[in-house]
Amino acid sequence: MGWWALHGITLLRLSLGLVFFWFGAQKFIPGLSSAEDLATRTISVLTFGQLPAAISLPVLATWECLIGLGLLTGRYLRLTLLLLFGQMAGTFLPLVFFPHETFKFVPLVPNLEGQYIIKNLVLISGALVVGALSRGGALIADPKAARAAEQTQRLHARFRRRFHREP
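The following refers to the structure shown. Predicted model only: the values in this text are computed from it and were never measured.

## Quick look at the overall build of the protein chain
Reasoning step 1: Broken down by element type, the protein chain carries nine helices and two strands.
Reasoning step 2: In the protein chain, the succession of helices and strands from N to C terminus is α-α-α-α-α-α-β-β-α-α-α.
Reasoning step 3: The C-alpha atoms of the protein chain give a radius of gyration of 20 Å, which is well past the 15 Å a tight globule of 167 residues would have.
Reasoning step 4: In terms of its C-alpha atoms, the protein chain occupies a principal-axis envelope of roughly 55 × 35 × 30 Å.

## Details of a nonpolar patch on the surface
Reasoning step 1: Together, Trp3, Trp4, Leu11, Leu14, Leu18, Phe21, Trp22, Leu66, Leu69 and Leu72 make up an exposed nonpolar region whose accessible area comes to about 1,000 Å².
Reasoning step 2: Mapped onto the nonpolar patch, the elements with two or more residues apiece are α1 (2–26) and α3 (53–73).
Reasoning step 3: Among the elements that line the nonpolar patch, the one with the most residues is α1, at seven residues.
Reasoning step 4: Topologically, Trp4 is positioned in helix α1.
Reasoning step 5: The class of Trp4 is exposed, set by a relative accessible area of 61%.

## Points about the side chain of Thr102
Reasoning step 1: Checked against the element boundaries, Thr102 lands in helix α6 (residues 99–102).
Reasoning step 2: Note on Thr102: relative accessible area 0%, which makes it buried.
Reasoning step 3: At a separation of 3.1 Å, a polar atom in the side chain of Thr102 contacts the main-chain carbonyl oxygen of Phe98.
Reasoning step 4: If sequence neighbours within four positions are ignored, Thr102 has contacts with Leu38, Pro94, Leu95, Pro110, Asn111, Gly114 and Ile117.

## Overview of the nonpolar core
Reasoning step 1: Leu16, Phe20, Ile67, Leu71, Leu77, Leu81, Leu84, Met88, Leu123, Ile124, Ala127 and Val130 form the largest nonpolar core, which has twelve residues in total.
Reasoning step 2: For this core, the secondary structure elements donating two or more residues are α1, α3, α4 (77–91) and α8 (120–134).
Reasoning step 3: Among all residues touching Ala127, those that are not within four sequence positions of it are Leu16, Leu81, Leu84 and Phe85.
Reasoning step 4: Leu38, Leu95, Phe103 and Ile117 belong to the second largest nonpolar core, which has five residues in total.

## Observations concerning the pattern of salt bridges
Reasoning step 1: By the definition in use, this model includes four salt bridges.
Reasoning step 2: One salt bridge connects Arg41 with Glu101, and the closest N-O pair in it is separated by 2.4 Å. Taken as a pair, Arg41 in helix α2 (residues 36–46) and Glu101 in helix α6 lie far apart in primary sequence, 60 residues in all.
Reasoning step 3: With a relative accessible area of 37%, Glu101 lands in the partly exposed category.
Reasoning step 4: Ionic pairing is found between Arg160 and Glu166, a salt bridge with its closest N-O pair at 3.3 Å.
Reasoning step 5: Given a relative accessible area of 31%, Arg160 falls into the partly exposed group.
Reasoning step 6: Its relative accessible area of 52% is what places Glu166 among the exposed residues.

## A short note on the packing of α1 against α3
Reasoning step 1: Running from N to C, α1 and α3 point in directions that differ by 155°, and their axes come no closer than 7 Å. The orientation of α1 with respect to α3, classified from their angle, is roughly antiparallel. The crossing of α1 and α3 is left-handed. Together, Arg13, Leu14, Leu16, Gly17, Leu18, Phe20, Phe21, Phe23, Gly24 and Ala25 of α1 and Ala61, Glu64, Cys65, Ile67, Gly68, Leu69, Leu71, Leu72 and Thr73 of α3 make up the contact between the two elements.

How each quantity is defined
- Within every chain, residues take consecutive numbers counted from 1 along the sequence as written.
- In view of the model being predicted, local features appear only for residues whose pLDDT reaches at least 70, and side-chain atom pairs are presented and counted only at 80 or more, with totals across whole chains, interfaces and linings using the full set of residues.
- For side-chain calculations, the full set of non-hydrogen atoms in the structure is used, while hydrogens and water are omitted.
- Only DSSP runs of H or I with at least four residues qualify as helices, and only runs of E with at least two residues qualify as strands; both kinds are numbered from the N terminus onward.
- For the radius of gyration, the atom set is restricted to C-alpha positions; the globular benchmark scales as 2.2 Å times the number of residues to the power 0.38.
- Residues qualify for a patch when their relative accessible area is over 30% and they have no salt bridge, like charges being joined within 9 Å and the nonpolar side chains of Val, Leu, Ile, Met, Phe, Trp and Tyr within 5 Å.
- To measure how exposed things are, a 1.4 Å probe is used in the Shrake-Rupley method; for residues, cover is taken only from the protein chains shown.
- A side-chain nitrogen of Lys or Arg and a carboxyl oxygen of Asp or Glu constitute a salt bridge if their distance falls within 4 Å.
- Think of it in three bands: with a 1.4 Å probe and only protein chains considered, a residue is buried below 20% of the maximum accessible area for its type, exposed above 50%, and partly exposed in between.
- Two N or O atoms form a polar contact when they lie within 3.5 Å of each other; inside protein one atom must be a possible hydrogen donor and the other a possible acceptor, and for residues adjacent in sequence the pair counts only when both atoms belong to side chains.
- Two residues qualify as a contact provided that any one of their heavy atoms is within 4.5 Å of a heavy atom in the partner residue.
- For this analysis, a nonpolar core means a set of buried residues of the types Ala, Val, Leu, Ile, Met, Phe, Trp, Tyr and Cys, connected via side-chain atoms within 4.5 Å.
- What counts as an axis is a line fitted to C-alpha atoms, over the stretch in contact for a helix, and the angles between N-to-C directions run from 0 to 180 degrees.
- Put simply, angles under 35 degrees are roughly parallel, angles over 145 are roughly antiparallel, angles from 65 to 115 are roughly perpendicular, and the rest are oblique.
- By convention the crossing between two helices is left-handed if the near helix lies anticlockwise of the far one by an angle smaller than a right angle, and right-handed if it lies clockwise.

Have a look at this one:
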């Protein structure tokens with residue numbers, strides 16, 4: 001349990017970084033990424049056809065690689081997570097823009113492209129955990145200490161609600 005608490009979040013951050021960098025780097029080589037067509041068509045819809053794929057794909061690739069590098073290095077995490085959440089918001093749009101291409105039976109049975117998109121919920125959840133800890137949160141391995149911390153946190157919240165100031 002102690003090892004998990006000490007290293008789990010770092011491993012989560014590194015694995016998220018690897019996934020973003022790996023998938024982003026693939027987009028630099030035309031035809032290599034399986035998400036290339038859907039991504040460029042989504043960006044085209046978002047920009048009302050004003051941004052051609054020859055520009056949008058390298059921009060997206062750079063964006064994803066920057067997210068990956070930020071997570072891998074652990075530097076500029078707030079900016080990195082802001083970029084991540086912005087990029088993630090865009091990844092769900094094909095489910096809305098192209099439902100017949102992302103679902104076998106709309107909206108209950110996603111096809112492979114839809115599953116590829118929906119798995120991003122896990123990436124978002126992981127990024128939320130990394131973000132919470134990068135902003136001063138902590139993972140407490142000792143169950144007794146964790147319960148005491150939760151009780152103290154609840155008492156502080158009640159105090160703030162009642163007296164409208166910090167304890």
